Amino acid sequence: MAKKKSAATESSAPMTSAKPAASKPTPTKPTAQKKSTASKVATNGDASTGSDELGHDQIGFVAGDVWLYLTDNGETSLATLKKEIHTTPELLCAAVGWLAREDKLDFNVNGKTVKVSLK
């Protein structure tokens, strides 16, 4: 095996201290961040856990909000409930379904309008 000659013996030019090339940070693509559902479930206390799943606790808290709203305001359309109770449409439907299953709600359908009230 042949020995390698050192750089000093191969070059007749005087040795200068070469600065290492400045390493530029490699540009990285910004990672897509998963959107939080916490912004969708804004004002319902513990219902705003940010979980993607509909849990019993979340549905129960929103059902409580629906119950309190109907207690204070009486018969209300589902569209109004959607505007007044700040939660996701899925949680609202699950909460209304929960209360309906427990036989706590009356429904009044008139054309395309559905109104709910407490029994």
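Along each chain, numbering runs from 1 in the same order as the chain's sequence is written. The model is predicted, so local features are restricted to residues of pLDDT at least 70 and side-chain atom pairs to those at 80 or more, both for listing and for counting; the totals for chains, interfaces and linings are taken over all residues. Note: side-chain values were computed over all heavy atoms of the structure, leaving out hydrogens and water.

(A) A look at helix H2 (residues 56–73). An ideal rise of 1.5 Å per residue puts 26 Å on 18 residues; H2 measures up with 25 Å between its terminal C-alpha atoms. Buried residues are those whose accessible area, probed at 1.4 Å on protein chains only, stays under 20% of the maximum for their type, while exposed residues exceed 50% and partly exposed ones sit between those limits. In this text, helices come from DSSP runs of H or I with a minimum length of four residues, and strands from runs of E with a minimum of two, each type numbered from the N-terminal end. Among the residues of H2, those classed as buried are Gln58, Ile59, Val62, Ala63, Val66, Tyr69 and Leu70. What you see down the axis of H2 is that its buried residues fit within an arc of 130°, all on one side. Summarising the geometry of H2, the exposed residues directed more than 90 degrees from the buried face are His56, Asp57, Leu68 and Asp72. Of the surrounding secondary structure, the elements contacted by the buried residues of H2 are strand S1 (76–77), helix H3 (78–84), helix H4 (89–101), strand S2 (105–110) and strand S3 (113–118). Multiplying 1.5 Å by the residue count of a helix minus one yields the expected span of that helix. Working definition: the arc comes from the directions between the helix axis and the C-beta atoms, pointing outward to the latter. Note on definitions: a residue-residue contact is assigned when non-hydrogen atoms from the two residues lie within 4.5 Å.

(B) Just the packing of H2 against H4, in detail. Interaxial distance between H2 and H4 falls to 8 Å at its minimum, and their mutual angle equals 75°. Relative to H4, H2 is oriented roughly perpendicular. Facing H2, whose interface residues are His56, Gln58, Ile59, Gly60, Val62, Ala63, Val66 and Trp67, H4 presents Leu91, Leu92, Ala94, Ala95, Trp98 and Leu99. Each residue is assigned to one of three groups, with Ala, Val, Leu, Ile, Met, Phe, Trp, Tyr, Cys and Pro labelled nonpolar, Asp, Glu, Lys and Arg labelled charged, and all others, Gly among them, labelled polar. A class-by-class count of the residues in the contact of H2 with H4 yields 11 nonpolar, 3 polar and no charged. Only the stretch in contact is used when a helix axis is fitted, and all axes are lines through C-alpha atoms; the angle between N-to-C directions ranges over 0 to 180 degrees. Comment on the angle field: the value is read as roughly parallel under 35 degrees, roughly antiparallel over 145, roughly perpendicular from 65 to 115, and oblique elsewhere.

(C) Main features of the pattern of salt bridges. Should a side-chain nitrogen of Lys or Arg be within 4 Å of a carboxyl oxygen of Asp or Glu, the pair is scored as a salt bridge. Considering all chains together, one arrives at 2 salt bridges under this definition. Taking the shortest distance from any N to any O, the salt bridge between lysine 119 and aspartate 103 comes out at 2.5 Å. Of this pair, lysine 119 sits in the segment after S3 while aspartate 103 sits in the loop between H4 and S2, and the two are 16 residues apart along the sequence. Relative accessible area serves as the criterion here: at 55%, lysine 119 is assigned to the exposed category. Taking relative accessible area as the criterion, aspartate 103 reaches 48% and is therefore assigned partly exposed. Where salt bridges share partners, they join Asp103, Asp106 and Lys119 into one cluster.

(D) Inspection of the environment of phenylalanine 61 at higher detail. Looking at the element boundaries, phenylalanine 61 is found in helix H2. Sequence-wise, phenylalanine 61 and leucine 91 are 30 residues apart; in three dimensions their C-alpha atoms are separated by 9.6 Å.

(E) Inspection of the side chain of serine 117 at higher detail. Among the secondary structure elements, serine 117 is positioned in strand S3. In this structure serine 117 comes out as buried when scored by relative accessible area, which is 16%. Ignoring any residue separated from it by four or fewer positions in sequence, one finds serine 117 in contact with Leu70, Glu75, Lys104, Leu105 and Asp106.

(F) Highlighting the sheet that holds S2. Spatially, 3 strands are ordered S1-S3-S2 in an open sheet, and the strand pairing comes out antiparallel. The sheet terminates laterally at S1 and S2, the two strands that pair on one side only. Where S1 lies against S3, 2 bridges are found, and the strand directions are antiparallel. Paired with threonine 76 across the two strands is valine 116, which belongs to S3. In this fold H2 packs onto S1, S2 and S3, with an angle of close to 90° to the strand it touches most, S3. Paired strands are those between which DSSP finds at least two bridges.

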